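# Tertiary structure, described
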Amino acid sequence: PLWLSPKQVAILPISQEFDDYAKKISAELDKNKIRNIIDLKNEKINYKIREHSLSKTPVLMICGSKEQESQSITLRRLGQEKQDTLPFKEAVSLLAEESSIPKI
């Protein structure tokens, strides 16, 4: 589950020109206490997705020109091929809800 994972979200900018947008998203995730990393390596996006999928990161946030223009983010969950594009504030609140420790 997301709340149990040490690295909950990996933010993957398509290229280096979107690094600032990725940092903005990371800051918002930090405010909501969601553990995240930004992959700023100068690699192709498919390499980054594969690397973080193999390391079992539950949620990958992919950002490029389309996402930056519309202030959204593309979410890709571990084990699923389907991707969802959401406004990034909505995505952060959704992940914050998921990452909270369940009450027993």
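Above this text is the structure in question.
Now for a quick tour of the structure. (Residues numbered from 1 in each chain as written. Predicted model: local features only at pLDDT ≥ 70, side-chain atom pairs only at ≥ 80, totals over all residues. Heavy atoms only, no water.)

### Focus: the packing of aromatic side chains
Put simply, the rule reads: Aromatic rings from Phe, Tyr and Trp, taking only the six-membered ring of Trp, are treated as a pair when their centres fall within 6.5 Å; an angle between ring planes under 30 degrees marks them as stacked, one over 60 as edge-to-face, and anything in between as tilted. Runs of H or I in DSSP of at least four residues are treated as helices and runs of E of at least two as strands, each being numbered from the N terminus.
Per the counting criterion, the structure on display carries one aromatic pair. Between the aromatic rings of Tyr21 and Phe88, the centroid separation amounts to 6.1 Å while the plane-to-plane angle is 80°, which identifies the pairing as edge-to-face. With a gap of 67 residues between them, Tyr21 in helix H1 (residues 19-31) and Phe88 in helix H4 (residues 88-99) connect regions that are remote in the sequence.

### Focus on the packing of H1 against H4
For clarity, the cut-off: Axes, fitted as lines to C-alpha atoms, cover a helix only where it is in contact. Angles between the N-to-C directions of the axes lie from 0 to 180 degrees. Working rule for handedness: look at the near helix, and if it is turned counterclockwise from the far one by less than a right angle, call the crossing left-handed; if clockwise, right-handed. Two residues qualify as a contact provided that any one of their heavy atoms is within 4.5 Å of a heavy atom in the partner residue. Here the term charged refers only to Asp, Glu, Lys and Arg, the term nonpolar to Ala, Val, Leu, Ile, Met, Phe, Trp, Tyr, Cys and Pro, and the term polar to all other amino acids, Gly among them.
Running from amino to carboxyl end, H1 crosses H4 at an angle of 35°, the nearest separation of the two axes being 10 Å. Note on packing geometry: the crossing formed by H1 with H4 is right-handed. Contacts between H1 and H4 involve Tyr21, Lys24, Ile25, Glu28 and Leu29 from the first element and Phe88, Lys89 and Val92 from the second. For the contact of H1 with H4, the class distribution of residues is five nonpolar, no polar and three charged.

### What to know about the side chain of Glu67
What counts here: Burial classification: accessible surface area is computed with a 1.4 Å probe over protein chains only, and a residue below 20% of its type maximum counts as buried, one above 50% as exposed, and the rest as partly exposed. The convention is simple: Lys and Arg are positive, Asp and Glu are negative, and His and the chain ends are not counted. When a carboxyl oxygen of Asp or Glu lies within 4 Å of a side-chain nitrogen of Lys or Arg, that pair is called a salt bridge.
Within the secondary structure, Glu67 is located in helix H3 (residues 65-70). Within the buried core, Glu67 has no salt-bridge partner, and the shortest N-O distance to an opposite charge, that of Lys66, equals 4.2 Å. If near-sequence neighbours (up to four positions away) are discounted, Glu67 is found in contact with Tyr21, Ile62, Ser72, Ile73 and Thr74.

### Focus on the environment of Ala96
Take Ala96: it is sitting in helix H4. On a C-alpha basis, the gap between Ala96 and Lys31 in space is 9.8 Å, while along the polypeptide they are 65 residues apart. Setting aside residues no more than four positions away along its own chain, Ala96 makes contact with Asn32 and Ile34.

### Things to note about the sheet that holds strand S5 (residues 83-87)
Convention followed: Pairing between strands requires that DSSP locate at least two bridges from one strand to the other.
The strand order across the open sheet built from five strands is S2-S1-S3-S4-S5, with neighbouring strands paired in mixed fashion. Two strands close off the open sheet at either side, each with one partner strand: strand S2 (36-38) and S5. Neighbour-to-neighbour, the strand axes of the sheet open up by a mean angle of 25°, direction not taken into account. In terms of strand pairing, strand S1 (residues 9-13) meets strand S3 (residues 59-63) through five bridges, oriented parallel. Of the residues in S3, the one forming a bridge with Val9 is Val59. Packing against the sheet, helix H2 (residues 45-54) makes contact with S1, S2, S3 and strand S4 (72-77), and its axis sits at approximately 170° to S1.

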